[in-house]
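The residues making up each chain are set out below.
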Amino acid sequence: MNRTATILLTALAPVSWGTTYAVTTEFLPADRPLFTGMMRALPAGLVLLALARVLPRGVWWGKAAVLGALNIGAFFPLLFLSAYRLPGGMAAVVGSVGPLIVVGLSAVLLGQRPTARSVLTGLVAAFGVSLVVLKAAGALDVVGVAAAFASAASMSAGTVLTKRWGRPDGVGPLALTAWQLTAGGLLIAPLALLVEGAPPALDGGAVGGYLYLALANTAVAYWLWFRGIGRLTATQVTFLGPLSPLTAAVVGWAALGQTLTPLQLAGMTLAFAATVAGQLGVRQPTVGRTFGPAEGTGAPEALRGVPRAL
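Residues numbered from 1 in each chain as written. Predicted model: local features only at pLDDT ≥ 70, side-chain atom pairs only at ≥ 80, totals over all residues. Heavy atoms only, no water.

Visitor: Break down the overall build of the protein chain for me, citing the residues and quoting the values.
Guide: Regarding its fold elements, the protein chain presents 14 helices and zero strands. Of the regular secondary structure in the protein chain, the N- to C-terminal order runs α-α-α-α-α-α-α-α-α-α-α-α-α-α. Residue burial in the protein chain is summarised as follows: out of 310 residues, 54% are buried. Carbon and sulfur atoms provide 70% of the accessible area of the protein chain, an area that totals close to 12,700 Å². (Helix = DSSP H or I, 4+ residues; strand = E, 2+ residues; numbered from the N terminus. Buried < 20%, exposed > 50% of the residue type's maximum accessible area, 1.4 Å probe, protein only. Areas by Shrake-Rupley, 256 points an atom, 1.4 Å probe, with all protein chains shown as cover.)

In structure tokens, the structure reads:
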């Protein structure tokens, strides 16, 4: 498969994550972010594990646990914490620094020297996202800001470490995705029970919403994302992240009756241009050096009142 096709397929992941906010607000129980995170990750991981029929071996038990914690288990709770403590789209803006974190970590862990172009592209992407999602804000919450930054750092570290560690011989991206989703879901499950109590009663709309999130929005989307990281550079993949808040804004306009101002449209143009620029002129990984697959530092999910989702 050529590079363009790989980029387009990988981009379907953040596009899918951009629908999470609408599904969450329209169909799912309110104020159950940890339960929702668990319902996204654990069923999807178990389904993929049944399909892959491959368990980790040796050191990969530990590596799968670390990657699952960074990409799923820590990322989801930190993301939701920031979403509920920060006003407007501030959580999305803080999270949009993910590509810059990946550029820095790639220099340290992957030996990919940062360029002025990649740094500038990351700044333009963050600025474009801020124009799309940032609302009038009150006083900022220190804990919320710290959680938003930590969530971006967690996913960024997971992306780069997945690229660095690669995959065991004979193990494909489906199995690696299953390991991470299962590990992350198992990490969130006891936290959801302790913090939020027993699971809520679910109606038909909630059941359908959770099925969509677990299967299309998580199992398929994360498989595409981790598969893309195995074939592209970590920087290329993370620059697809802004597609998530952009998709959320479009879905809000098309399905929820939200308006898009000229300033938001300008921000969407900037963020999309930065996404495209992030795919150009990037040196591909050297053949023979195995780096494995890894969701996106780009855009989290279910931000209260914020068109941004992972």
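Don't stop here, the text continues.
Visitor: Run through the packing of helix α1 (residues 3–17) against helix α13 (residues 243–255), naming residues and quoting values.
Guide: Close contact between α1 and α13 brings their axes to 7 Å; oriented N to C, the two are set at 45°. Relative to α13, the element α1 lies oblique. The handedness of the crossing between α1 and α13 comes out as right-handed. Side by side, α1 and α13 meet where A11, P14, V15 and W17 of the first sit next to L243, S244 and T247 of the second. Residues of the contact of α1 with α13, tallied by class, amount to five nonpolar, two polar and no charged. (Axes fitted to C-alpha atoms, helices over the stretch in contact; angles between N-to-C directions. Parallel < 35°, antiparallel > 145°, perpendicular 65-115°, else oblique. Left-handed = near helix turned anticlockwise from the far one by under 90°. Contact = heavy atoms within 4.5 Å. Nonpolar A, V, L, I, M, F, W, Y, C, P; charged D, E, K, R; others polar.)

Visitor: Can you tell me about the environment of L70, naming the residues and giving the values?
Guide: Within the fold, L70 resides in helix α4 (residues 60–73). In contact with L70, not counting residues within four places along its chain, are F75, S154, M155, A157, G158 and L161.

Visitor: Explain helix α7 (residues 98–109) to me, using residue names and the numbers behind them.
Guide: When the terminal C-alpha atoms of α7 are compared, their 16 Å separation across twelve residues agrees well with the 16 Å that a helix rising 1.5 Å per residue should span. Along α7, the residues that are buried comprise G98, P99, I101, V102, V103 and S106. Phi turns positive one or two residues past the end of α7, at G111, with a value near 70°. (Expected span 1.5 Å × (residues − 1).)

Visitor: So what's going on with unusual backbone geometry? Residues and values would help.
Guide: With a phi angle near 60°, D31 is a residue other than glycine that sits in the positive phi range. Inspection of the secondary structure puts D31 in the loop between α2 (20–27) and α3 (33–52). Positive phi, normally seen in glycine, also occurs at R53, with a value near 55°. One can find R53 in the loop between α3 and α4.

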